[in-house]
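Notes for the structure review
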Amino acid sequence: MKYKIAAVIEIGSRNVSMYIGQLKSNSAEIIDILEHPTDLGHDVFCNAKISFESLWELSDILDKFKNVLKTYNITNYKVISCSVMREALNSDLVRDQISIINNMKTDILEDTNEKSLIYYDSFNIIKNSDIKLEGYSLFAYIGAGNIGISVYSGDKMIYFKNIPIGAFKINDMFMDIHGDTIDLPSIIQEYICDMLNSFNIPDATFSNIILTGQEISLISSLSDADKKNELYIIKPERIIGLRDTLYKMNVENIASRYNVSETEAAILYNSVSIYAAIAENCENIKSIYCPEVNISKAVLKQLISEKTVAEYKDYISKTAISYVKHLCQSWNLDSKHAETVEDYACRIFDKMRSFHGLGAENKLILRMCSMLYQCTPFAGFKSDSISVLNLISSMDISGINKSDTLITGFITAASRAINPIEDTARIADMLPDSKRIAAYKLSAIFSLACSLDYSKKQKLKDLKVSLSQNKLIIKANNASNSSLEKWAFDKKSGYFKSIFGISPHLKLNSSMFK
């Protein structure tokens, strides 16, 4: 059997790694791992830039990895980077030089994309270990430069946030105080406590804690964890005990005792302090689940398995919708109206497919907008369109990249405008050029869908959408006076026609509009 083989090269904070794997039995089998240490994280988290010396070293490493790719005859590979390149002020220059010198394209994963890949892999590992998560679950991914925090109710995400502080960054922020009188674990404990108290979770009770990060294998080993497949199971008191043990030691002693470098010792100390702080703030937890995941393996699975890609897209859709729905419920979401607008928008989207040429993934944007547009503070006020766009585009929505979040804000701002042609013109420049046309198309579809339930009373029944001779014909029965919907539809029809060149017509089965 011929297996599909691929590789992922990750430019990380402490090393550049390459994972080579092949598809076997619908899963990724790792056949080789290469790592080369670097000091990129120190460059970025201390000086905000990658030095030219580090750039030349990085280029040499990539050149060596490229030779290995040739040895394996691998053409399907991807070069990725996360926080170290995200936070480097000169990342564009670095990527340009890698492209010129090494002829390699570097993809910088956004925070939300990185964390969603980790969450997806983690939950699969937990599921495959026959563990069922019930109640509220707190998930924390401790990265080098940040911490990804999410809260799940059962299998539905209800909270997601990226905290701009991580194990490596803490090390460089407080590198001068290790061994001094400042109580770093107490500082981290108070910071984590304040963060968890901001989640607004009913009863503030977590039934499960899921923790993972780059140091999880070492921490699990030092905590005498049990292991089930790729899942470590740790008692909270062991994590806290390990933290207390490390607190009594300086970095040099930690490095010597556990046979790691001093940099790795400091990061271990910080990671354990974060893990212990989370454990101490979640009472009555008997076990901490720690999946053995990393971003390179997660991306590699996407490269070699079409099934994984499809399942991941479904996961993204479910988590994004559950998160946005929970968020909007705090803004008095009208669920029936949201479901009605979503249904209408998706029907129009499907019928107009040959005209808009957009992929099915854009439906997710319309579904999120059906909730956000009616709940967002300031929505509906023409003078505040920019405020609405800025508010939504600043949100962290798991798995949704910033450009799509920006489109979501654009559609939301445009949908409540009486004159969307004029209103969108004022905010279109805030969109990237590559996304502007898609945003216009989606906003035209969504605005028309909103008009069909303008009163929020679901007056139209048995709605059907069809195309005939450059006309979009929407037919429906109306059980009550739909004058408001007819007026709103006429107002939004001009915007729709200006985008598609298609004239919308609303035909209601009522003597009032015959």
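Going by the structure above, here's the rest.
The structure contained in this document is the topic of the report that follows. All values derive from a computational prediction rather than experimental measurement.

Conventions adopted
Residues numbered from 1 in each chain as written. Predicted model: local features only at pLDDT ≥ 70, side-chain atom pairs only at ≥ 80, totals over all residues. Heavy atoms only, no water. Helix = DSSP H or I, 4+ residues; strand = E, 2+ residues; numbered from the N terminus. Contact = heavy atoms within 4.5 Å. Areas by Shrake-Rupley, 256 points an atom, 1.4 Å probe, with all protein chains shown as cover. Polar contact = N/O pair within 3.5 Å; in protein donor to acceptor, adjacent residues only side chain to side chain. Phe/Tyr/Trp six-rings, centres within 6.5 Å; stacked < 30°, edge-to-face > 60°. Buried < 20%, exposed > 50% of the residue type's maximum accessible area, 1.4 Å probe, protein only. Arc of directions from axis to C-beta. Pairing = 2+ DSSP bridges. Axes fitted to C-alpha atoms, helices over the stretch in contact; angles between N-to-C directions. Parallel < 35°, antiparallel > 145°, perpendicular 65-115°, else oblique. Left-handed = near helix turned anticlockwise from the far one by under 90°. Nonpolar A, V, L, I, M, F, W, Y, C, P; charged D, E, K, R; others polar. Patch = residues over 30% accessible without salt bridge, like charges linked within 9 Å, V, L, I, M, F, W, Y side chains within 5 Å. Salt bridge = Lys/Arg side-chain N within 4 Å of Asp/Glu carboxyl O. Lys, Arg positive; Asp, Glu negative; His and termini not counted. Charge placed at Lys NZ, Arg CZ, Asp CG, Glu CD. Core = buried A, V, L, I, M, F, W, Y, C linked by side-chain atoms within 4.5 Å. Disulfide = S-S within 2.5 Å.

Glancing now at the overall build of the chain. Helix and strand counts for the chain stand at 21 helices and 15 strands. Considering only contacts in the chain between residues 6 or more positions apart, those separated by 24 or more positions represent 71%. Roughly 23,100 Å² of accessible area belongs to the chain as shown, and the carbon and sulfur atoms make up 47% of that amount.

Let us look at the side chain of Gln 458. Tracing the backbone shows Gln 458 in the loop between α20 (433-451) and β13 (460-467). One polar contact links the side chain of Gln 458 to the main-chain carbonyl oxygen of Lys 456, over a distance of 3.4 Å. Leaving out residues up to four positions away in the same chain, Gln 458 has contacts with Lys 336, His 337, Thr 340 and Asp 453.

Further remarks concern the packing of aromatic side chains. As enumerated under the stated definition, the model contains twelve aromatic pairs in all. An aromatic cluster of at least three residues, connected via ring pairs, comprises Tyr 119, Phe 123, Phe 139, Tyr 152 and Phe 160.

This next bit is on helix α19 (residues 420-427). Residues lying three or four places apart along an α-helix face the same way, a consequence of the helix completing one turn every 3.6 residues. Of all the residues in α19, the buried ones are Pro 420, Asp 423, Thr 424 and Ile 427. For α19, the angular spread of the buried residues around the axis is 95 degrees, confining them to a single face. Considering only its buried residues, α19 is in contact with α17 (385-393), α18 (402-415), α20 and α21 (483-500).

Turning our attention to the sheet that holds strand β7 (residues 147-153). Read across the sheet, seven strands follow the order β8-β7-β6-β9-β12-β11-β10 without closing on themselves; strand pairing throughout is mixed. At either end of the open sheet lies a strand with only one pairing partner, and these are β8 (156-163) and β10 (226-228). When the angles between neighbouring strand axes are averaged without regard to direction, this sheet yields 20 degrees. When strand β11 (residues 231-234) meets strand β12 (residues 288-291), the two strands line up antiparallel, connected through four bridges. When the sheet's bridge partners are listed, Tyr 232 is paired in β12 with Cys 290. Its contacts with the sheet place helix α11 (residues 262-280) against β6 (136-142), β7, β9 (208-213) and β12, and it is angled at close to 170 degrees to β9.

What follows covers the packing of helix α14 (residues 335-351) against helix α16 (residues 362-375). In contact at an axis separation of 9 Å, α14 and α16 are set at 150 degrees when each is read in the N-to-C sense. Between α14 and α16, the angle is such that the two are roughly antiparallel. The crossing of α14 and α16 is right-handed. In this structure, α14 uses His 337, Ala 338, Val 341, Glu 342, Ala 345, Cys 346, Phe 349 and Asp 350 to contact α16, whose residues at the interface are Asn 362, Lys 363, Leu 366, Arg 367, Ser 370, Met 371, Tyr 373 and Gln 374. Taken together, the residues of the contact of α14 with α16 break down into eight nonpolar, four polar and four charged.

Sheets are built from strands paired through backbone hydrogen bonds, the pairs being either parallel or antiparallel. Spatially, the three strands line up as an open sheet ordered β13-β14-β15, and their pairing is mixed. Of all strands in the sheet, those with a lone pairing partner are β13 and β15 (503-509), marking the two edges. Recorded for the sheet is a direction-independent mean angle of 20 degrees between the axes of neighbouring strands. The sheet contact formed by β13 and strand β14 (residues 471-478) spans six bridges and is antiparallel. Bridge pairing in β14 links Val 465 to Ile 474.

This part is about a positive patch on the surface. There is a patch of like positive charges on the surface, built from Lys 464, Lys 471, Lys 475 and Lys 507. Considering the arrangement of structural elements, one finds Lys 464 in strand β13.

Buried together is how nonpolar side chains tend to be arranged in soluble globular proteins. Residues Ile 348, Ile 474 and Phe 496 are the most contacted members of the largest nonpolar core, which totals 94 residues. In terms of residue count, the dominant contributor to this core is α20 (ten residues). What Phe 496 contacts, discounting residues up to four positions off in sequence, is Ile 348, Met 352, Ala 444, Ile 445, Leu 448, Leu 472, Gly 501, Ile 502 and Pro 504. Formed by 41 residues, the second largest nonpolar core is a distinct cluster that contains Ile 170, Ile 209, Val 272 and Cys 290.

Let us now look at the state of the cysteines. Per the counting criterion, the structure on display carries zero disulfides. Summary of cysteine pairing: Cys 369 is not part of a disulfide, and the nearest cysteine sulfur, belonging to Cys 450, is at 8.4 Å. Using a relative accessible area of 0% as the deciding quantity, one classes Cys 369 as buried.

The next thing to look at is the environment of Val 68. Inspection of the secondary structure puts Val 68 in helix α2 (residues 52-71). Owing to a relative accessible area of 18%, Val 68 belongs among the buried residues under this scheme. It is 9.5 Å that separates the C-alpha atoms of Val 68 and Leu 34, two residues lying 34 residues apart in sequence. Not counting residues within four places of it along the chain, the set of residues in contact with Val 68 comprises Met 18, Ile 20 and Leu 34.

Attention now goes to the pairing of strand β2 (residues 15-24). Taken across its ten residues, β2 has seven buried, putting it largely inside the fold. Hairpin geometry of strand β1 (residues 5-11) and β2 is characterised by an intervening segment of three residues between the two adjacent antiparallel strands. Judged from the ten bridges that link them, β2 and strand β3 (residues 27-37) form a sheet pairing that is antiparallel. Each bridged residue has a counterpart across the sheet, and for Met 18 the counterpart in β3 is Leu 34.

Side chains of Phe 52, Trp 56, Leu 93, Ile 100 and Ile 101 sit close together on the surface and give an oily, nonpolar patch of about 490 Å² of accessible area. Only α2 and α4 (91-102) provide two or more residues apiece to the nonpolar patch. The dominant element in the nonpolar patch, judged by the number of residues it contributes, is α4, at three residues. Residue position: Phe 52 is located in helix α2.

With respect to the element layout, Glu 215 can be found in the loop between β9 and α8 (216-222). Taking relative accessible area as the criterion, Glu 215 reaches 9% and is therefore assigned buried. One polar contact links Glu 215 to Arg 14, side chain to side chain, over a distance of 2.3 Å. Contact partners of Glu 215, with chain neighbours within four places excluded, come to Arg 14, Ile 267 and Ser 271.

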